[in-house]
Amino acid sequence: MRCPEPARASYRDLLRDLLGRAVEVRPGPPQELSGEAPSYLAAYRYDEGEVAALAVADLDLATAAGAAIAMMPPQETRAAVAEAGALDEELLEFFHEVVNVAAKLLNSPTTAHVVLRDLLPVPGEVPDDVAEVATGPRARHDWRVRIEGYGEGTVTLLHA
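Each chain has its residues counted from 1, following the order in which its sequence is written. Local features in this predicted model are restricted to residues whose pLDDT is 70 or higher, and side-chain atom pairs enter the listing and the counts only when it is 80 or higher, whereas totals over whole chains, interfaces and linings include all residues. Side-chain measures here rest on the full set of heavy atoms in the structure, leaving out hydrogens and waters.

Notes on the nonpolar core
Counting residues in hydrophobic clusters, the biggest one holds 42 residues, and the most contacted among them are Y44, F95, V145 and I147. Helix and strand assignments follow DSSP, with helices taken as H or I runs no shorter than four residues and strands as E runs no shorter than two, numbered in order from the N terminus. Considering every element that reaches this core, the biggest residue donor is helix α2 (residues 59–70), with seven residues. If near-sequence neighbours (up to four positions away) are discounted, I147 is found in contact with L19, R21, A22, V23, L61, A64, A65 and A68. Counting 11 residues, the second-largest nonpolar core is a separate cluster that includes A43, V51, L54 and V56. Nine residue types can take part in a nonpolar core, namely buried Ala, Val, Leu, Ile, Met, Phe, Trp, Tyr and Cys, and a core is a set of them joined through side-chain atoms within 4.5 Å. With a 1.4 Å probe rolled over the protein chains alone, any residue whose accessible area is under 20% of its type maximum counts as buried; one over 50% counts as exposed, and the rest are partly exposed. Working rule for contacts: check all heavy atoms of both residues, and any pair within 4.5 Å makes them a contact.

Things to note about the pairing of strand β5 (residues 139–147)
Paired strands are those between which DSSP finds at least two bridges. Pairing analysis gives five bridges linking strand β1 (residues 23–27) to β5, with the strands arranged antiparallel. Residue V23 lies in a different strand from β5, and its bridge partner there is I147. Bridge count for β5 against strand β6 (residues 151–159) is nine bridges, and the pairing is antiparallel. Residue pairing across strands places R140 opposite L158, the latter belonging to β6.

Side note on unusual backbone geometry
Most peptide bonds are trans, and most residues other than glycine sit at a negative phi. Look at the link from V122 to P123: it is a cis peptide, with omega at 5 degrees. With respect to the element layout, P123 can be found in the loop between β4 (114–122) and α5 (128–135).

A short note on the sheet that holds strand β3 (residues 51–58)
The strand order across the open sheet built from six strands is β1-β5-β6-β3-β2-β4, with neighbouring strands paired in antiparallel fashion. Bordering the open sheet on either side are β1 and β4, each of which pairs with just one other strand. In this sheet, neighbouring strand axes are inclined to one another by 25 degrees on average, regardless of whether the strands run parallel or antiparallel. Relative to β4, strand β2 (residues 39–46) runs antiparallel, the two being bridged by eight bridges. Opposite A42, over in β4, you have L119 as the bridge partner. Docked against the sheet, helix α4 (residues 89–102) engages β2, β3 and β4, running at close to 145 degrees with respect to β4. Whenever a helix is involved, its axis is fitted only over the stretch in contact; in every case the axis is a line through C-alpha atoms, and angles between N-to-C directions fall within 0 to 180 degrees. Most of the contacts of α5 go to β3, to which it runs at about 70 degrees, and overall it touches β2, β3 and β6.

A look at empty space enclosed by the protein
Only protein atoms enter the 1 Å grid used here. Points where a 1.4 Å probe fits but cannot escape make up a cavity, open sets with protein on both sides within 12 Å along at least five of seven lines make up a pocket, and a residue lines them when an atom lies within 4 Å of a point. Grid points are joined across faces, edges and corners, and a volume is the space filled by probe spheres set on the points. Counted under the stated rule, the structure contains one cavity of 30 Å³ or more. Of all elements in the fold, only β3, α4 and β6 reach the threshold of two or more residues within the lining of the largest cavity. Per-element accounting of the lining of the largest cavity gives the leading share, four residues, to β3. Under the scheme applied, nonpolar residues are Ala, Val, Leu, Ile, Met, Phe, Trp, Tyr, Cys and Pro; charged residues are Asp, Glu, Lys and Arg; polar residues are all the others, including Gly. Taken together, the residues of the lining of the largest cavity sort by class into 14 nonpolar, one polar and no charged.

Next up, the structure:
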C-alpha cells in the first residue's frame, strides 16, 4: 500500500491557495529530527491505521504557515515563538489546519485513503511505527518553503 508522493508544484499550489499568498517551494537541505532544532511532525495514516507518510516542519515553517493562515502579525508572531521556543496552543491549532489540508496531496482515486492522525512536537514522544518511518523512509523530499510576508522554513516529507 502506497500513497502518492506530491510534487513540489502541487505542494506550492496547495499552500498558495490555502494561505492566499505567494509561496515558493524549492529543494532544501536534509532535515533531521533532533532535540537541537524544535519541529513538528505530522503523521498521516491510512484509514486502517498504518503509517502512510510523515511531514516534518521546522519551527520557522510551522510559525510562518500558522501565522499566515490566521493572518497574524508576522514579526510579533515570530518574536513570540522565538522566545517560547515552540508554538502556543492557538498557533499550533492554525498550523494543524495547514497540515490537515495537505493530506489531500497524499490521496488519489486509485490509492487507499490517508488522513492526518497526529501532530507531534519534536523533541517529544513518537509512536514506534512513526519513528520507524522517520528513520527509514521509502522516499524522502526536503523542501525549503517561503511564504510571502511570513518568512521561510523547511519541510521534509517521508513516505512509508
